[in-house]
Amino acid sequence: MTNILEVKNLKIWDSRNERVIVPNSSFHVKQGSCLAIVGESGSGKSVTCKAIMRLNKAGIRQSGDILLRGINLMELSEQEMRKKRGKQLCMILQSSMRAFDPSCVVGVHLQETLVEHFGWSREEITTKMKNAMESVRLKNPIEVMNTYPHQLSGGMLQRVMIALTIVLEPDIIIADEPTTALDTVSQFEVVEQFRQLRERMGCSMIFISHDLGIVKLMADDVLVMKEGEIVENGTTQAIFSEPQHTYTRYLLSTKLALNQHFKRIMGGVSVAEG
Ligand SMILES: Nc1ncnc2c1ncn2[C@@H]1O[C@H](COP(=O)(O)OP(=O)(O)OP(=O)(O)O)[C@@H](O)[C@H]1O
């Protein structure tokens, strides 16, 4: 199987105080597969994904190679990189609210993004978005497009982003904790939409999540990060059944403990199980 993305010797540091955040990371994403990145808060998951997009804040520097379909993103100009973002590399954040301009209705943002990448007409965009929104079970898509972001729930906005991703058909989707800000029911629905998205488009994905239940459901491979370093990398099956590193075992044991706690207080089957 070919790799859609290869990250080699990625180093990320804060140039203001020379603090190294990620010393030396190498990993890859196989074509059509989902790689989950797990690890405690502050372990460097987000900065790693932002480094792939080349979207870390000014002051945060990076070196190494990031090959997308064999093209080294590190060597592209900012203008060339802008063309890749959205069209070939899509990022879905914890909360989509920040991705939308609060002063415009949702449809304006969708139109602008799709015109920039494809140059389609207004009508074409509306038809494509309407179909995609219906496929992620968003009712009244036209109405949604005429609504301001703050008038929609977090779960609805995430589904609008997934619908936009369906239309953009990127080579790889990077989802950074896309369900963390949602209530349990919306979480379940959004995960389901991500699963269907992968089934339908066979797209490759990097999925950051705190929730090992979701990781087990979504990912083919798992990368475990601790203090900026990759401490373990393997298939989901292997990581869950035979974790090698003490830190991975610790993560899995806390998941188990939380599950049991949940069962004790709720008296039922934990949602994270399976
Ligand atoms: N803009 C920034 N300036 C300086 N340091 C930063 C910046 N963004 C992140 N860092 C540092 O990089 C490290 C990794 O942060 P990162 O957000 O990648 O962690 P994470 O694993 O994604 O955590 P979380 O699960 O909480 O999102 C942290 O020590 C953080 O302080």
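Quick note: structure is the one above.
The rules behind each value
Residues numbered from 1 in each chain as written. Predicted model: local features only at pLDDT ≥ 70, side-chain atom pairs only at ≥ 80, totals over all residues. Buried ≥ 20, exposed ≤ 12 C-beta atoms within 10 Å, placed from the backbone. Helix = DSSP H or I, 4+ residues; strand = E, 2+ residues; numbered from the N terminus. Pairing = 2+ DSSP bridges. Right-handed = clockwise from strand over helix to strand, strands pointing away. Near = placed C-beta within 6 Å. Nonpolar A, V, L, I, M, F, W, Y, C, P; charged D, E, K, R; others polar. Contact = placed C-beta atoms within 7 Å. Axes fitted to C-alpha atoms, helices over the stretch in contact; angles between N-to-C directions. Parallel < 35°, antiparallel > 145°, perpendicular 65-115°, else oblique. Left-handed = near helix turned anticlockwise from the far one by under 90°. Expected span 1.5 Å × (residues − 1). Arc of directions from axis to C-beta. Core = buried A, V, L, I, M, F, W, Y, C linked by C-beta atoms within 7 Å.

Caption draft 1: Geometry of the pairing of strand S7 (residues 172–176). Burial analysis of S7 places 5 of its 5 residues in the buried class, the great majority of the element. Side chains of S7 alternate between two faces, with Ile-172, Ile-174 and Asp-176 and Ile-173 and Ala-175 buried alike. By the bridge criterion, 4 bridges tie strand S6 (residues 89–92) to S7 in an arrangement that is parallel. Bridged to Ile-92 within S7 is Ala-175. In terms of strand pairing, S7 meets strand S8 (residues 204–208) through 5 bridges, oriented parallel. From the neighbouring strand, Ile-173 faces S8, where its bridge partner is Met-205. The β-α-β motif built from S7, the intervening helix H7 (residues 184–201) and the parallel element S8 has right-handed crossover chirality.

Caption draft 2: Structural context of the site of the ligand. Taken together, the residues surrounding the ligand are Asp-14, Ile-21, Gly-39, Ser-41, Gly-42, Ser-43, Gly-44, Lys-45, Ser-46, Val-47, Lys-57 and Ile-60. No other element matches the 3 residues that helix H1 (residues 45–53) contributes to the shell around the ligand. The class makeup of the residues in the shell around the ligand is 3 nonpolar, 6 polar and 3 charged.

Caption draft 3: Focus on the sheet that holds strand S4 (residues 60–68). The 4 strands are arranged S2-S1-S4-S5 in an open sheet whose pairing can be described as antiparallel. On the outer flanks of this sheet lie strand S2 (19–30) and strand S5 (71–72), each paired with one strand and no other. The pairing of strand S1 (residues 3–14) with S2 spans 8 bridges and is antiparallel. When the sheet's bridge partners are listed, Asn-3 is paired in S2 with Lys-30. H1 contacts S1, S2 and S4 of the sheet and is inclined by roughly 115° relative to S1.

Caption draft 4: Just the packing of helix H4 (residues 122–135) against helix H6 (residues 154–168), in detail. Here H4 crosses H6 at 125°, and the two axes come no closer than 8 Å. Compared by their axis directions, H4 and H6 come out oblique. The crossing of H4 and H6 is right-handed. Across the interface between the two elements, Lys-128, Met-129, Ala-132, Met-133 and Ser-135 of H4 pack against Val-160, Ala-163, Ile-166 and Val-167 of H6.

Caption draft 5: Highlighting H4. Between its terminal C-alpha atoms H4 stretches 20 Å, which fits the 20 Å expected from 14 residues at 1.5 Å a residue. Taken residue by residue, H4 has Ile-125, Met-129, Ala-132 and Met-133 as its buried positions. Along the long axis of H4, the arc covered by the buried residues comes to 100°, so they all point the same way. Those residues of H4 that are exposed and angled more than 90 degrees off the buried face are Glu-123 and Thr-127. Looking at the buried residues of H4, the elements they touch are helix H3 (106–118), helix H5 (141–145) and H6. Of the residues trailing H4, Arg-137 is marked for its positive phi of about 60°.

Caption draft 6: Examining the nonpolar core more closely. Residues Ala-36, Val-160, Ala-163 and Ile-174 are the most contacted members of the largest nonpolar core, which totals 70 residues. Ranked by the residues each element gives to this core, the list is headed by H6, at 8 residues.

Caption draft 7: Local environment of the sheet that holds S6. With mixed pairing, the 6 strands of this open sheet are ordered in space as S6-S7-S8-S3-S9-S10. One side of each edge strand has no neighbouring strand; the edge strands of this open sheet are S6 and strand S10 (229–235). The sheet shows a mean angle of 15° between the axes of neighbouring strands, direction not considered.

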